[in-house]
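A closer look at the structure
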Amino acid sequence: QVQLVESGGGLVQAGDSLRLSCAASGRTFSSYAMGWFRQAPGKEREFVAAITWSSGATYYADSVKGRFTISRDKAKNTGYLRMNSLNLDDTAVYYCAARSSGNLYYVENYDYWGQGTQVTVSS
């Protein structure tokens, strides 16, 4: 069992930056990948970014590539999503998730989810 707790969401203006954190606890996390997803009102949950815990390989959705950076601190068992140049389309509830196998771009391959943190970007 893995527990995930997100933090760092909030209300920001367009162009601002924000960093989300995801603290993981429970069983050994080293064999997992951590992903970030987001869900805007009336839309499906979509992939944002992912990182493999052991190697640190990173993956991004095209919509955030060059603006968002995913990272992890293995000693703290915590993942991060640094979001720069935020725009109105980035407004959503952001979730971190853990996956042990399968394509890491797909929601259905993630076994554990955090409770989500709201990010609201205003003009």
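Above: the structure in question.
Below you will find a few notes about this structure. (Residues numbered from 1 in each chain as written. Predicted model: local features only at pLDDT ≥ 70, side-chain atom pairs only at ≥ 80, totals over all residues. Heavy atoms only, no water.)

Right, let's talk about the packing of aromatic side chains for a bit. Taken as a whole and assessed by the stated rule, the structure comprises 8 aromatic pairs. Measuring from ring centre to ring centre gives 4.7 Å for phenylalanine 47 and tyrosine 105, while their planes differ by 55 degrees; the resulting arrangement is tilted. Of this pair, phenylalanine 47 sits in strand β5 (residues 46–52) while tyrosine 105 sits in the loop between β9 (92–99) and β10 (112–113), placing them 58 residues apart in sequence. We classify phenylalanine 47 as buried; its relative accessible area is 10%. You can call tyrosine 105 partly exposed: its relative accessible area is 35%. (Phe/Tyr/Trp six-rings, centres within 6.5 Å; stacked < 30°, edge-to-face > 60°. Helix = DSSP H or I, 4+ residues; strand = E, 2+ residues; numbered from the N terminus. Buried < 20%, exposed > 50% of the residue type's maximum accessible area, 1.4 Å probe, protein only.)

This part covers the side chain of threonine 117. Within the element layout of this structure, threonine 117 appears in strand β11 (residues 117–122). Under the relative-accessibility criterion, threonine 117 is labelled buried at 10%. A distance of 3.2 Å separates a polar atom in the side chain of threonine 117 from the backbone nitrogen of glycine 9. Aside from chain neighbours lying at most four places away, what touches threonine 117 is Glu6, Ser7, Gly8, Gly9, Leu20, Ala92, Val93 and Tyr94. (Polar contact = N/O pair within 3.5 Å; in protein donor to acceptor, adjacent residues only side chain to side chain. Contact = heavy atoms within 4.5 Å.)

By the element assignment, arginine 38 lies in strand β4 (residues 33–39). Among the polar contacts listed, one links the side chain of arginine 38 to the side chain of glutamate 46, at a separation of 2.6 Å. Looking at arginine 38, its side chain comes within polar contact range of the side chain of aspartate 90, at 2.8 Å. Residues within four places of arginine 38 in sequence aside, it is in contact with Glu44, Arg45, Glu46, Val48, Ser63, Val64, Phe68, Asp89, Asp90, Ala92, Val93 and Tyr94.

Bringing the sheet that holds strand β7 (residues 68–73) into the picture now. Each strand in a sheet pairs with its neighbour through backbone hydrogen bonds, running either in the same direction (parallel) or in the opposite one (antiparallel). Spatially, β1-β3-β8-β7 is the arrangement adopted by the 4 strands of the open sheet, whose pairing is antiparallel. On the outer flanks of this sheet lie β1 (2–7) and β7, each paired with one strand and no other. On average, adjacent strands in this sheet sit at an angle of 20 degrees to one another, irrespective of strand direction. As paired elements, strand β3 (residues 18–26) and strand β8 (residues 78–83) share 6 bridges and run antiparallel to each other. (Pairing = 2+ DSSP bridges. Axes fitted to C-alpha atoms, helices over the stretch in contact; angles between N-to-C directions.)

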